Amino acid sequence: MPPFEEISARPLDPRLLQLSGISRATIEAHYRLYQGYVAKRNEILAKLAEVDLSTANQVYSDVRALKIDLTFAIGGVKNHEIYFEHLGGGGGDPTGAIASLIERDFGSVEAWRADLKATGMGGRGWAWTAYDWDEQRLFNYIGDAQNTFPVWNATPLVALDVYEHAYFLDYQTDRASYIDAFFGNLDWDVISSWVSKYQIQT
Ligand SMILES: [Fe+2]
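Numbering of residues begins from 1 in every chain and follows the order in which that chain's sequence is written. Owing to the predicted nature of the model, reporting of local features is limited to residues with pLDDT of at least 70; listing and counting of side-chain atom pairs is limited to 80 or more, with chain, interface and lining totals taken over all residues. Excluded from the side-chain calculation are hydrogens and water; included are all heavy atoms of the structure.

### Regarding the pairing of strand 2 (residues 137–143)
Of the strand pairs in this sheet, strand 1 (residues 126–132) and strand 2 are connected by 7 bridges, and their pairing is antiparallel. Residue pairing in the sheet places Thr-129 in a bridge with Asn-140 of strand 2. Only when DSSP finds a minimum of two bridges between them are two strands counted as paired. Secondary structure elements are taken from DSSP: a helix is a run of H or I of four residues or more, a strand is a run of E of two residues or more, and numbering for both begins at the N terminus. A loop of 4 residues connects strand 1 with strand 2, the two strands running antiparallel in sequence, and Gln-136 in this loop sits at a positive phi of about 55°.

Structural data, given as structure tokens:
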């Protein structure tokens, strides 16, 4: 593997310590998990840089394990950066560019919210609203882990973390109430700014 650059965790926005229905303790513990994914990503790339590809076949199993772990770590970084960045708002119905995309591709805000909630209830790790560049529309995709099941050429705009660590302190097993709280803290200005940044046609 070629040399790589270490990355650092993005700072925790203080707004996240004052969410409605998601406690400071949950966010602080969750942020530490995110920092762990960043550290893991750097550590795995360092190990891959050390692998001697000219030696016997046994390195292939090392490469396999490291590369699978890398997808988990990088998935953990990307998923949580979206999650933390788009919380801290007032929730409610979508506004701005994302609102017209949701209306167009799901028919209504209610239909989008019901579908994302059901996806989050059915998933083991994540539910994402992503813009698929090939289909040219939004989908709510499901994820069982940090590295399953993203699809190529799609850009996540909403990332709903449904791992137990995201809600167990606050809601125990009541995931549905946590998902409602998640919706209540979304910052639609941030999400719409991503629609503009990625130049998604509305
Ligand atoms: Fe998480």
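Next comes the rest of the account.
### Let's talk about the side chain of Asp-187
The residue Asp-187 is located in the loop between helix 6 (175–184) and helix 7 (188–197) in this model. For every residue, the accessible area obtained with a 1.4 Å probe (protein chains only) is divided by the maximum for its type, and the residue is called buried under 20%, exposed over 50%, and partly exposed between those limits. Judged by its relative accessible area of 11%, Asp-187 falls in the buried class.

### Structural notes on the coordination of the iron ion
Protein coordination at the iron ion comes from His-30 (NE2), His-80 (NE2), Asp-161 (OD) and His-165 (NE2), with a distance range of 1.9 to 2.1 Å. Read from N- to C-terminus, the donor residues coordinating the iron ion fall into the pattern H-x49-H-x80-D-x3-H. Of this pair, His-30 sits in helix 1 (residues 24–50) while His-165 sits in the loop between strand 3 (154–161) and helix 5 (168–171), and the two are 135 residues apart along the sequence. Given a relative accessible area of 1%, His-30 falls into the buried group. The class for His-165 is partly exposed, based on a relative accessible area of 27%. Only N, O and S atoms count as donors, using a 2.8 Å limit from the metal and a wider 3.2 Å limit for Na, K and Ca, and since water is excluded some coordination spheres may look unfilled.

### What to know about the layout of surface pockets
In this model, the largest pocket occupies a volume close to 860 Å³. Lining the largest pocket are 25 residues; nearest its centre among them are Lys-78, Asn-79, Pro-150, Ala-154 and Pro-156. Those elements that place two or more of their residues in the lining of the largest pocket are helix 2 (58–85), strand 1, strand 3 and helix 7. Ranked by the residues each element gives to the lining of the largest pocket, the list is headed by helix 2, at 9 residues. Only protein atoms enter the calculation, which uses a 1 Å grid: trapped sets of points that fit a 1.4 Å probe without letting it out are cavities, open sets showing protein on both sides within 12 Å along at least five of seven lines are pockets, and any residue with an atom within 4 Å of a point is a lining residue. Grid points are joined across faces, edges and corners, and a volume is the space filled by probe spheres set on the points.

### As for unusual backbone geometry
Put simply, Thr-148 and Phe-149 share a cis peptide bond, and its omega is -5°. By the secondary structure assignment, Phe-149 is in the loop between strand 2 and strand 3. Of note, the phi angle at Gln-136 is positive, near 55°, even though the residue is not glycine. Note that Gln-136 resides in the loop between strand 1 and strand 2. Positive phi values are uncommon outside glycine, yet Gln-172 reaches one of about 50°. Checked against the element boundaries, Gln-172 lands in the loop between helix 5 and helix 6. Assessed through its relative accessible area of 44%, Gln-172 is described here as partly exposed.

### Points about the packing of helix 1 against helix 2
When two helices pack together, their arrangement is given by the angle between the helix axes and by the axis-to-axis distance. Across the interface, helix 1 lies against helix 2 with an axial gap of 8 Å and an inter-helix angle of 145°. The crossing of helix 1 and helix 2 is left-handed. Residue classes follow a fixed rule: Ala, Val, Leu, Ile, Met, Phe, Trp, Tyr, Cys and Pro count as nonpolar, while Asp, Glu, Lys and Arg count as charged, and any other residue, Gly among them, counts as polar. A breakdown of the residues in the contact of helix 1 with helix 2 according to their chemical character gives 16 nonpolar, 3 polar and 6 charged. Note on definitions: angles span 0 to 180 degrees between N-to-C directions of axes, and those axes are lines fitted to C-alpha atoms, for helices only across the stretch in contact. Take the far helix as your reference; a near helix turned counterclockwise from it by less than a right angle gives a left-handed crossing, and one turned clockwise gives a right-handed crossing.

### A few points about the environment of Asp-189
You can see Asp-189 is positioned in helix 7. When its relative accessible area of 57% is taken as the criterion, Asp-189 is described as exposed. In the structure, Asp-189 is positioned 74 residues away from Asp-115 in sequence and 22 Å away in space, judged by C-alpha atoms.

### Looking at the pattern of salt bridges
Any Lys or Arg side-chain nitrogen located within 4 Å of an Asp or Glu carboxyl oxygen qualifies as a salt bridge. Tallied over the full model, the rule gives 10 salt bridges. Residue Glu-28 is joined to Arg-24 by a salt bridge in which the shortest nitrogen-to-oxygen separation is 3.0 Å. Highlighted residues: Glu-28 and Arg-24, both in helix 1, separated by 4 residues, approximately one helical turn. Judged by relative accessible area, which is 29%, Glu-28 ranks as partly exposed. What emerges from the salt-bridge pattern is a single network uniting Arg-10, Glu-81 and Glu-85.

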